[in-house]
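For reference, the chains in residue letters:
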Amino acid sequence: MTDMRRTLLWVVFLMSLTLLWDGWNKHNGQPSMFSPAPAARPAASAAPGASTTSPTPPQASTVAPSAATAASAPAAGLPAEKVTVTTDLVKATFDSTGGALVRLELLQQQEQNQADIVDRVMGYFKGSADKPDPKAAKQNVILFDQSSERYYVAQTGLWPSTGGPGALPEHHTVMRVVPGERELKEGAKELKLAFESPEVNGVKLIKTYTFKRGDYAIGVTHEVVNGSAAALSPRLYLQLVRDGNPPPGGSFFYGTFTGPAVYTEANKFQKVEFKDLNKGKAVKESADNGWVAMLQHYFASAWLVGGKQARDIYADKVPGTANEFAVGMFLPLGEIAAGASKSVEAQLFAGPQEDKKLKSLADVAPDFDLVRDYGIFTILAKPLFWLLSQLHALLGNWGWAIVALVVLLRIAFYWLNVSAYRSMAKMKAINPRVMELRERLKDKPQQMQQEMMRIYREEKVNPLGGCLPILVQMPFFIALYSVLLASVEMRNAPWVGWITDLSVKDPYFILPLLMTASSLLQTWLNPTPPDPVQARMMWIMPLVFSVMFFGFPAGLVLYWLTNNILAIAQQWVINKQLGVLGK
């Protein structure tokens, strides 16, 4: 048993060092040991309207160059332009080329400007530590963008059916911007922006965006007007395209998912890694329900189409690009007679993963709140977030809500913890006898093990008694960890004094230092392992893990620190009752 413990400790220790080394390499631009380095995006795509992105249907067909040229040719005399719409929540910029949403500024979400811990350490040794200017104005979060640094856009268009016309209006077609209001006025509830394409093979597409006050879901209506002399059966595609680079503000101390996600009732929620799409592992599904999304830490965009309607869902690398990926769906529109028209309603969600706003879209998109990724313990994380929200409503501060929730969890598991700490206290009490035994019988390992088991039986001590109750609680505390890491509500949420944002690290590292001290105190309260190597490991491991806490968001460190303090208090009381304090 002792050998197994020692092996596990070494495995955890070496894995921690490996992850830290890998993170350091990624920070310095070296390739990761676990994933390929992101490819550079072609410079041509950086220019507005220069992207050659084509929708990627399940049949893996692409728009031929001649088709794209034909689609744009009728509008050759119509200049492309940008138009910006401002509401209470967003500032959205559209390109009349395809009527695509190419930039989205979230007016109520600010970027965090704290430097990463590695930047600070490296800057310290270089004599120029990167410290954020507290007086500097915070910048709003830019979700969609079409620049040299980022490519992330929402596109739609028509796709010809087999045997149909060679080209239809799509996201390369320059469209006319319909005159109208560009700012949501005081007291107004909604604002519309419309684009009208020229006729392409006799077919016109009218695209209307509807912004609503207080809503990140944009209504999008596509009206297809068949002005040709023959009936046609086109398909409408809705897609999100972005580069595969991680968004700014990440940390190698903890990982978050960036990439496409798809949902159908049959296959449920699926995240799709960029690296898998790079390997040709495209996603292709056909269903009469479902939605598609592009995720990153705290934020998401998604195309949502309600009701039972046939759709072909896909996620794939964009053909002809080095680092662009698309997720979307095709909607067969059925036959549209000559001279007739047909409209399709959809919603484009683009904003923070706020719990209430995600759940408000459940009627259109079942389980849409899954974009807020809690990992494998989602079933526990959801009720924990609900409880955390209730505590926040009561206390008015997310930091104190975290403290209160940890207190409630400690109370809920009180008797389990008592059992664990009593077992550890008994182990601490008999530890001198065990140490003496190991020294006396170090050349007789079999007899030593027998004598140790005899002592455990006489003293009614279970060597694993302190571990099992803690293992039972671990899923709950890991789920709470996931809640705090994924909750956008923590962004820019203050606690006390110097902690002005629970979603970024402590600027003065006070909480991580307290966390380190509490971890060492816990080690002192625990029984000393008989094996000297194992004993040293017990002191080294808190120091190694504490390094990661220096890069964790303050809310996460506050949660662990509170849990440690409560555990120390409970363990100290039990040790004192059994007279083993300080032994």
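This is a predicted model, so every value here is computed, not measured. Think of each chain on its own: its residues are numbered from 1, step by step along the sequence as written. Per-residue local features are limited, in this predicted model, to residues with pLDDT of at least 70; the limit for side-chain atom pairs, both in listing and counting, is 80 or more; totals at the level of whole chains, interfaces and linings are taken over all residues. Here the side-chain values reflect all heavy atoms present in the structure, with hydrogen atoms and water set aside.

Q: What should I look at first to understand the packing of helix H6 (residues 378–395) against helix H7 (residues 398–412) in this one?
A: For any two helices packed against each other, the geometry is given by the interaxial angle and the distance between the axes. Angular values range over 0 to 180 degrees, each being the angle between N-to-C directions of two axes fitted as lines to C-alpha atoms, with helices fitted over their stretch in contact. Helix and strand assignments follow DSSP, with helices taken as H or I runs no shorter than four residues and strands as E runs no shorter than two, numbered in order from the N terminus. The geometry of H6 relative to H7 is characterised by a closest axis approach of 8 Å and an angle of 125° between their N-to-C directions. As judged from the angle between their axes, H6 and H7 are oblique. By crossing handedness, the relation of H6 to H7 is classed as right-handed. For the pair formed by H6 and H7, the contact residues are Leu 384, Phe 385, Leu 387, Leu 388, Ser 389, Leu 391, His 392 and Leu 395 on the first element and Trp 398, Trp 400, Ala 401, Ile 402, Ala 404, Leu 405, Leu 408 and Leu 409 on the second. Its residues assigned to classes, the contact of H6 with H7 shows 14 nonpolar, two polar and no charged. Angles are sorted into four bins: roughly parallel if under 35 degrees, roughly antiparallel if over 145, roughly perpendicular if 65 to 115, and oblique for all others. Throughout, a crossing is termed right-handed when the near helix is turned clockwise from the far one, and left-handed when it is turned anticlockwise from it by less than a right angle. What makes two residues a contact is simply this: any of their non-hydrogen atoms within 4.5 Å. Think of it as three bins: nonpolar holds Ala, Val, Leu, Ile, Met, Phe, Trp, Tyr, Cys and Pro, charged holds Asp, Glu, Lys and Arg, and polar takes everything else, Gly as well.

Q: I would appreciate a short explanation of the packing of aromatic side chains in the present structure.
A: The geometry of an aromatic ring pair is captured by the separation of the ring centres together with the interplanar angle, meaning the angle of the planes. Stacked, tilted and edge-to-face are the three classes assigned to paired rings of Phe, Tyr and Trp, where Trp is represented by its six-membered ring and a pair needs centres within 6.5 Å; plane angles under 30 degrees give stacked, over 60 edge-to-face, the rest tilted. Evaluation of the coordinates by the stated rule reveals 23 aromatic pairs. With a centroid separation of 5.5 Å and an interplanar angle of 80°, the aromatic rings of Trp 159 and Phe 330 are classed as edge-to-face. Residue Trp 159 is found in strand E6 (residues 151–159), and its partner Phe 330 is found in strand E18 (residues 324–332); the two are separated by 171 residues along the sequence. You'll find Trp 159 and Phe 330 in the same group, each marked buried. To sort residues, take the accessible area from a 1.4 Å probe on protein chains only and compare it with the maximum for the residue type: under 20% means buried, over 50% means exposed, and anything in between is partly exposed.

Q: Can you help me understand empty space enclosed by the protein in this one?
A: Summary: where empty space remains is shown by rolling a probe the size of a single water molecule over the atoms. With a 1 Å grid spanning the protein atoms alone, the term cavity applies to any set of points in which a 1.4 Å probe fits but cannot get out, the term pocket to an open set with protein on both sides within 12 Å along at least five of seven lines, and the term lining residue to any residue with an atom within 4 Å of a point. Grid points are joined across faces, edges and corners, and a volume is the space filled by probe spheres set on the points. This structure, assessed with the given rule, holds two cavities of 30 Å³ or more. Space inside the second largest cavity adds up to approximately 60 Å³. Together, Thr 87, Val 90, Leu 104, Phe 211, Lys 212, Asp 215, Tyr 216, Ala 217, Ile 218 and Ala 350 line the second largest cavity. Elements with a contribution of two residues or more to the lining of the second largest cavity: strand E9 (203–212) and strand E10 (217–226). Of the residues assigned to the lining of the second largest cavity, the class counts are seven nonpolar, one polar and two charged.

Q: Explain the pairing of strand E15 (residues 291–296) here, please?
A: Note on strand geometry: in a regular strand, side chains alternate between the two faces of the sheet. With six of six residues buried, E15 is to be regarded as a mostly interior element. Judged from the five bridges that link them, strand E12 (residues 259–264) and E15 form a sheet pairing that is antiparallel. By the bridge assignment, Gly 259 is partnered in E15 with Leu 295. As judged from the six bridges shared by E15 and strand E16 (residues 299–304), these two strands associate in the antiparallel manner. Paired with Ala 293 across the bridge in E16 is Ala 302. For two strands to be treated as a pair, DSSP must find no fewer than two bridges joining them.

Q: Hey, could you run me through the side chain of Thr 208 in this one?
A: With respect to the helices and strands, the residue Thr 208 is situated in strand E9. If we ignore the near neighbours within four places in the chain, the residues touching Thr 208 are Lys 192, Leu 193, Ala 194, Gly 219, Val 220 and Thr 221.

Q: Before we go on, may I ask you to explain the nonpolar core in this structure?
A: Side chains that are nonpolar tend, in soluble globular proteins, to be buried together. To define a nonpolar core, start from buried Ala, Val, Leu, Ile, Met, Phe, Trp, Tyr and Cys residues and group those joined through side-chain atoms within 4.5 Å. Counting residues in each nonpolar core, the largest one holds 74 residues, and the members touching the most others are Phe 94, Trp 303 and Phe 368. Apart from the residues lying within four places of it in its own chain, the contact partners of Phe 368 are Trp 291, Ala 302, Leu 304, Phe 349, Leu 358 and Leu 361. Core analysis: the next-biggest nonpolar cluster, separate from the first, contains 39 residues, Trp 398, Val 406, Leu 480 and Val 483 among them.

Q: I would appreciate a short explanation of a nonpolar patch on the surface in the present structure.
A: On the surface, Leu 394, Leu 395 and Trp 400 cluster together into a nonpolar patch covering about 340 Å² of accessible area. As for its position among the elements, Trp 400 is in helix H7. Like-charged residues within 9 Å of one another, or nonpolar side chains (Val, Leu, Ile, Met, Phe, Trp, Tyr) within 5 Å, are grouped into patches, provided each residue has over 30% relative accessible area and no salt bridge. Computed by Shrake-Rupley with a 1.4 Å probe, the accessible areas treat only the displayed protein chains as cover when residues are assessed. The working definition used for a salt bridge is a side-chain nitrogen of Lys or Arg within 4 Å of a carboxyl oxygen of Asp or Glu.

Q: How should the environment of Leu 514 be read in this particular structure?
A: Summarising the element assignment, Leu 514 is placed in helix H11 (residues 510–525). The spatial distance from the C-alpha of Leu 514 to the C-alpha of Leu 561 is 7.3 Å, given a sequence separation of 47 residues.

Q: Explain the pairing of E18 here, please?
A: Along E18, eight of the nine residues are buried, which leaves the element largely enclosed by surrounding structure. Two elements, strand E11 (residues 235–243) and E18, share nine bridges in a ladder whose sense is antiparallel. Note on E18: the bridge partner recorded for Asp 243 is Glu 324. The pairing of strand E17 (residues 311–317) with E18 spans six bridges and is classified as antiparallel. Bridging from a neighbouring strand, Tyr 314 pairs with Gly 328 of E18. Here E17 folds back onto E18, and the loop between the two strands holds six residues, one of which, Gly 320, carries a positive phi near 80°.

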